[in-house]
Amino acid sequence: MKLVKFLPAVTAALVLAACSDVGNMATKTGNMVKSGVDGATSAVSDAASATGNAVKSGAKSVSNTVTEAKDMITTRNKSVVYSCQNNTTVTATYAFQDNLPKGAKLLLNKNTLLTDFTLDENDSKKTDTTTFVSGKYVWSVEAGLTQQNIGKTEAIMLYKTGNKADEILAKNCSIARFDK
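Keep in mind that what you see is a predicted model, and the values were worked out from it rather than measured.

**Student:** Please explain the environment of lysine 78 as it appears in this structure.
**Tutor:** Examined against the element boundaries, lysine 78 turns out to sit in strand β1 (residues 75-84). A residue is classified by how much of its surface remains accessible, and lysine 78, at 15% relative accessible area, is buried.

Written out as structure tokens, the structure reads:
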């Protein structure tokens, strides 16, 4: 008789233990699924943010390229040949954008090319000239150089800055000829 009472008790204990493990497993599985969903949501959110940032960066790059292209299209070059003191010749090719000078390149005595001159607005204001700078080289012309008055604006000086003294390469330049 004892075995008859003992067997149902053991079976009941095993059933309860199995149910207890199933409950724990279900809870753990539910937590894992929830964590996975949260992780997936986070991953999707991060991917969306990264994609959005890449699109913004790409749009900014395209905008910069369009601006540069527009600047190139609206930039016009005009050249002037100057006859300077001491039989020095300077050929200046100016880049104009919206009628205003932006840069220049110079050919000194038909053999020395100096490039990448940019308008120095601060120096231009201080000295009441139109001043271009490229490294140690400074080129200044009369104030008010524009695309329309290029044939009337004479050059003042081209010099190279030095540690102890500047070297004057051309000065007192008058217009010999220019692009119309």
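**Student:** Quick question: what am I supposed to make of the sheet that holds strand β5 (residues 129-134) here?
**Tutor:** Here eight strands make up a closed barrel; going around it, the order is β1-β2-β3-β4-β5-β6-β7-β8 and the pairing antiparallel. Within the sheet, the average angular offset between the axes of one strand and its neighbour, ignoring direction, is 30°. With two bridges joining them, strand β4 (residues 112-119) and β5 adopt antiparallel strand pairing. Counted as the bridge partner of leucine 119 is phenylalanine 132 from β5.

**Student:** Can you walk me through the packing of aromatic side chains in this structure?
**Tutor:** Applying the stated criterion across every chain, the model contains three aromatic pairs. Look at tyrosine 82 and tryptophan 139: their rings are 5.6 Å apart centre to centre, the planes differ by 65°, and that puts the pair in the edge-to-face class. Note that tyrosine 82 is positioned in strand β1 and tryptophan 139 in strand β6 (residues 137-142), a separation of 57 residues in sequence. The same class applies to tyrosine 82 as to tryptophan 139, namely buried. Ring centres of tyrosine 94 and phenylalanine 132 lie 5.6 Å apart, and the angle between their planes is 40°; this geometry places the pair in the tilted category. With tyrosine 94 in strand β2 (residues 88-97) and phenylalanine 132 in strand β5, this residue pair connects regions lying 38 residues apart in the sequence. Exposure remark for tyrosine 94: the relative accessible area of 0% places this residue in the buried category. We classify phenylalanine 132 as buried; its relative accessible area is 0%.

**Student:** Help me understand the state of the cysteines, please; the structure alone is not making it clear to me.
**Tutor:** In protein chemistry, a disulfide is the covalent bond that joins the sulfur atoms of two cysteines. Per the counting criterion, the structure on display carries one disulfide. There is a disulfide in this structure between cysteine 84 and cysteine 173, and the S-S distance comes to 2.0 Å. Looking down the S-S bond of the cysteine 84 and cysteine 173 bridge, the torsion is 105°, so its handedness is right-handed. Within this pair, whereas cysteine 84 is found in strand β1, its partner cysteine 173 is found in strand β8 (residues 167-178), the two being separated by 89 residues in sequence.

**Student:** Even after reading the chapter, I still don't get the pairing of β6, so can you show me in this structure?
**Tutor:** The side chains of a regular strand alternate between both faces of the sheet. Here six bridges tie β5 to β6, and the two strands are oriented antiparallel to one another. Paired with threonine 130 across the bridge in β6 is valine 141. Counting the residues between successive antiparallel strands, the hairpin from β5 to β6 contains two residues, one of them, glycine 135, with a positive phi of roughly 60°. By the bridge criterion, five bridges tie β6 to strand β7 (residues 155-160) in an arrangement that is antiparallel. Bridge pairing in β7 places valine 141 opposite alanine 155.

Cut-offs and rules
Residues numbered from 1 in each chain as written. Predicted model: local features only at pLDDT ≥ 70, side-chain atom pairs only at ≥ 80, totals over all residues. Heavy atoms only, no water. Helix = DSSP H or I, 4+ residues; strand = E, 2+ residues; numbered from the N terminus. Buried < 20%, exposed > 50% of the residue type's maximum accessible area, 1.4 Å probe, protein only. Pairing = 2+ DSSP bridges. Axes fitted to C-alpha atoms, helices over the stretch in contact; angles between N-to-C directions. Phe/Tyr/Trp six-rings, centres within 6.5 Å; stacked < 30°, edge-to-face > 60°. Disulfide = S-S within 2.5 Å.

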